[in-house]
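Here is how the chains run, residue by residue.
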Amino acid sequence: MRDIAVQLTHYPGELARVAAVLSQHRVNLTSLTGLAIGPHVTIRLIPDDIEAARAAFDAAGIRFQENEIVQVLLENRAGELAIISTRLAEGGVNLRAIYVTGRVGNLVELALVPDNVMNAKRLLE
């Protein structure tokens, strides 16, 4: 699984433009997040079809960054995020993004976007 990060200017309609491009290429989203800081917005998304998402952005001339995701399943209780984030930090892994992608019973599924995928996978085994 992979995620895509897109940098936008903080103007009305920017998200609509990106959403329209994805819609035209029939890309459905598994997860989406965004954050505006000053005049800039970063949106991060997990498409259900990474190839179609790449093609959509390329066709529209929208620059993007693509990253591999590490999926983690945690118990839904206090301290679980602290445990895995401490393990990653002590192993020298920095996170670019984190998503909640699902819940099943008492479990929470996270999608992590680490700066070192192999090291993150090793540390989280």
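Now for a description of the structure that goes with this document. (Residues numbered from 1 in each chain as written. Predicted model: local features only at pLDDT ≥ 70, side-chain atom pairs only at ≥ 80, totals over all residues. Heavy atoms only, no water.)

### Description of the nonpolar core
By size, the foremost hydrophobic cluster in this structure holds 16 residues, and its most contacted members are Ile 4, Val 6, Val 18, Leu 22, Ile 43 and Phe 57. Secondary-structure elements contributing two or more residues to this core are strand 1 (2-9), helix 1 (14-24), strand 3 (40-47) and helix 2 (50-60). Residues contacting Val 6, with those up to four places away along its chain left out, are Val 41, Thr 42, Ile 43, Phe 57, Ile 62, Arg 63 and Phe 64. Counting 13 residues, the second-largest nonpolar core is a separate cluster that includes Val 70, Leu 112, Ala 120 and Leu 123. (Core = buried A, V, L, I, M, F, W, Y, C linked by side-chain atoms within 4.5 Å. Buried < 20%, exposed > 50% of the residue type's maximum accessible area, 1.4 Å probe, protein only. Helix = DSSP H or I, 4+ residues; strand = E, 2+ residues; numbered from the N terminus. Contact = heavy atoms within 4.5 Å.)

### Considering the packing of aromatic side chains
Here the structure, examined in full by the defined rule, presents one aromatic pair. On the basis of an interplanar angle of 40 degrees and a centroid distance of 5.6 Å, the ring pair of Phe 57 and Phe 64 is categorised as tilted. Classification of Phe 57 by relative accessible area gives buried; the value is 0%. For Phe 64, a relative accessible area of 25% gives the class partly exposed. (Phe/Tyr/Trp six-rings, centres within 6.5 Å; stacked < 30°, edge-to-face > 60°.)

### What to know about the sheet that holds strand 1
With respect to topology, four strands assemble into an open sheet ordered 2-3-1-4, the strand pairing being antiparallel. This sheet does not close on itself; its edge strands, each paired only once, are strand 2 (29-37) and strand 4 (65-68). Within the sheet, the average angular offset between the axes of one strand and its neighbour, ignoring direction, is 20 degrees. Two strands pair when backbone bridges link them, and strand 1 and strand 4 are joined in this way by four bridges, in the antiparallel orientation. If you follow Arg 2 over to strand 4, its bridge partner there is Glu 68. Those strands touched by helix 1 are strand 1, strand 2 and strand 3, and its axis lies near 140 degrees from that of strand 1. Running over the sheet, helix 2 touches strand 1, strand 3 and strand 4 and is turned about 25 degrees from strand 1. (Pairing = 2+ DSSP bridges. Axes fitted to C-alpha atoms, helices over the stretch in contact; angles between N-to-C directions.)

### Considerations on the sheet that holds strand 6 (residues 95-104)
Read from one edge of the open sheet, three strands run 5-7-6, paired in antiparallel fashion. The open sheet terminates on both sides in strands that have one partner only, identified here as strand 5 (70-75) and strand 6. Strand after strand, the sheet turns through a mean of 25 degrees between neighbouring axes, direction not considered. Pairing of strand 6 with strand 7 (residues 107-114) involves eight bridges; the strand directions are antiparallel. For Leu 95, the partnering residue across the bridge sits in strand 7 and is Pro 114. Lying on the sheet, helix 3 (residues 80-90) is in contact with strand 5, strand 6 and strand 7; it crosses strand 5 at an angle near 140 degrees. Along the sheet face, helix 4 (residues 117-124) touches strand 5 and strand 7 and points at about 25 degrees away from the line of strand 5.

### Considering the environment of Ile 4
Relative to the elements of secondary structure, Ile 4 occurs in strand 1. Judged by its relative accessible area of 0%, Ile 4 is buried. C-alpha of Ile 4 to C-alpha of Gln 65: the two residues are 61 residues apart in sequence and 5.6 Å apart in space. With near-sequence residues (within four places) excluded, Ile 4 lies in contact with Ile 43, Arg 44, Leu 45, Pro 47, Ile 50, Ala 53, Phe 57, Phe 64 and Gln 65.

### Side note on unusual backbone geometry
With a phi angle near 55 degrees, Arg 26 is a residue other than glycine that sits in the positive phi range. With respect to the helices and strands, the residue Arg 26 is situated in the loop between helix 1 and strand 2.

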